[in-house]
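Each chain, written out:
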Amino acid sequence: MHMAPIHPDRPIDETARPEGSFCARAMVQRVRWGTGLTQDAFARTFHLDADALCEIEAGRTLPDAALLAYLQVIEWRPEAVLDALEQGNRTI
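Residues numbered from 1 in each chain as written. Predicted model: local features only at pLDDT ≥ 70, side-chain atom pairs only at ≥ 80, totals over all residues. Heavy atoms only, no water.

Novice: Quick question: what am I supposed to make of the confidence of the model for the protein chain here?
Specialist: The predicted coordinates ought not to be read in detail in places where the model reports low pLDDT. Summarising the model, the protein chain shows a mean pLDDT of 81, and 74% of its residues fall at 70 or more. Across the protein chain, helix H2 (residues 39-45) holds the top mean pLDDT of 95, while helix H5 (residues 78-91) sits lowest at 87. A low-confidence stretch, residues 1-6 (pLDDT under 50), is modelled with seven contacts involving residues beyond four sequence positions or located in other chains. (pLDDT = per-residue confidence, 0-100. Helix = DSSP H or I, 4+ residues; strand = E, 2+ residues; numbered from the N terminus. Contact = heavy atoms within 4.5 Å.)

As structure tokens, this is what we get:
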């Protein structure tokens, strides 16, 4: 299996000036680590693709805009996300 090269310091916005950019891998890890969860537990808890999360944290891919927005909400209000997911599970 061919593995993509690792670019652990790829900025989320590759068009941003260096002083205005931040590392995608570090951002994703910061949010996950803030919850205290492993990759698998974080993915299950917040209904994310575990393989995609692993690829982002390894620096092999970048999160899309929707995932970035979702991660920001998880970071700022994890309890609101968990409440919304629980409500969604009740209506299904």
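Having put the structure on the table, let's press on.
Novice: I'm lost on the packing of helix H1 (residues 24-35) against helix H3 (residues 50-57) in this one. Help?
Specialist: Geometry of a packed helix pair, given as the angle between the helix axes and the separation of the axes. It is the contact of H1 with H3, at a shortest axis distance of 8 Å, that shows an interaxial angle of 125 degrees. When the axes of H1 and H3 are compared, the pair comes out oblique. The residues of H3 that touch H1, namely those facing Ala 24, Arg 25, Val 28, Gln 29 and Arg 32, are Leu 53, Ile 56 and Glu 57. A class-by-class count of the residues in the contact of H1 with H3 yields four nonpolar, one polar and three charged. (Axes fitted to C-alpha atoms, helices over the stretch in contact; angles between N-to-C directions. Parallel < 35°, antiparallel > 145°, perpendicular 65-115°, else oblique. Nonpolar A, V, L, I, M, F, W, Y, C, P; charged D, E, K, R; others polar.)

Novice: Which parts of the structure should I look at to understand the packing of H1 against helix H4 (residues 65-76)?
Specialist: Viewed as axis vectors pointing N to C, H1 and H4 meet at an angle of 35 degrees, and their least axial separation amounts to 10 Å. Considering only the axes of H1 and H4, their crossing is left-handed. Residues Met 27, Val 28, Arg 30, Val 31 and Thr 35 of H1 lie in contact with H4, whose contacting residues are Leu 68, Leu 71, Gln 72, Ile 74 and Glu 75. (Left-handed = near helix turned anticlockwise from the far one by under 90°.)

Novice: In this structure, what is going on with H1? I would like to understand it.
Specialist: Every α-helical turn comprises 3.6 residues, leaving residues that sit three or four positions apart pointing alike. The end-to-end C-alpha separation of H1 is 17 Å, in line with the 16 Å expected for twelve residues at 1.5 Å each. Trailing H1 by a residue or two, Gly 36 shows a phi angle of about 80 degrees, which is positive. (Expected span 1.5 Å × (residues − 1).)

Novice: What exactly am I supposed to notice about the nonpolar core here?
Specialist: Nonpolar side chains tend toward joint burial in soluble globular proteins. Counting 15 residues, the largest nonpolar core has Phe 42, Phe 46, Leu 71 and Ile 74 as its most contacted members. Listed by contribution, the elements that provide at least two residues to this core are H1, H2, H3, H4 and H5. Looking at which element gives the most residues to this core, the answer is H4, with four residues. Those residues in contact with Ile 74 that sit more than four places away from it in its chain are Val 31, Thr 35, Phe 42, Phe 46 and Val 81. (Core = buried A, V, L, I, M, F, W, Y, C linked by side-chain atoms within 4.5 Å. Buried < 20%, exposed > 50% of the residue type's maximum accessible area, 1.4 Å probe, protein only.)

Novice: Mind showing me how you'd approach the pattern of salt bridges here?
Specialist: Think of it this way: side chains of opposite charge can pair up when their charged atoms draw near. For the structure shown, the criterion picks out three salt bridges. When the shortest N-O distance is used, the salt bridge between Arg 32 and Glu 57 registers 2.6 Å. A residue pair is termed long-range when its members are at least 10 positions apart, and Arg 32 in helix H1 and Glu 57 in helix H3 qualify at 25 residues. Note on accessibility: Arg 32 and Glu 57 belong to one class, buried. The closest approach of N and O atoms between Glu 55 and Arg 60, which form a salt bridge, is 3.0 Å. (Salt bridge = Lys/Arg side-chain N within 4 Å of Asp/Glu carboxyl O.)

Novice: When you look at the environment of Arg 32 in this model, what are you seeing that I'm missing?
Specialist: Arg 32 sits in the buried class, given a relative accessible area of 9%. As for Arg 32 and Ile 74, which are separated by 42 residues in sequence, their C-alpha atoms are 8.8 Å apart. Leave out the neighbours within four places in its chain, and Arg 32 touches Leu 37, Thr 38, Gln 39, Phe 42, Leu 53 and Glu 57. Side-chain polar atoms of Arg 32 contact the backbone oxygen of Leu 37, separated by 2.8 Å. (Polar contact = N/O pair within 3.5 Å; in protein donor to acceptor, adjacent residues only side chain to side chain.)

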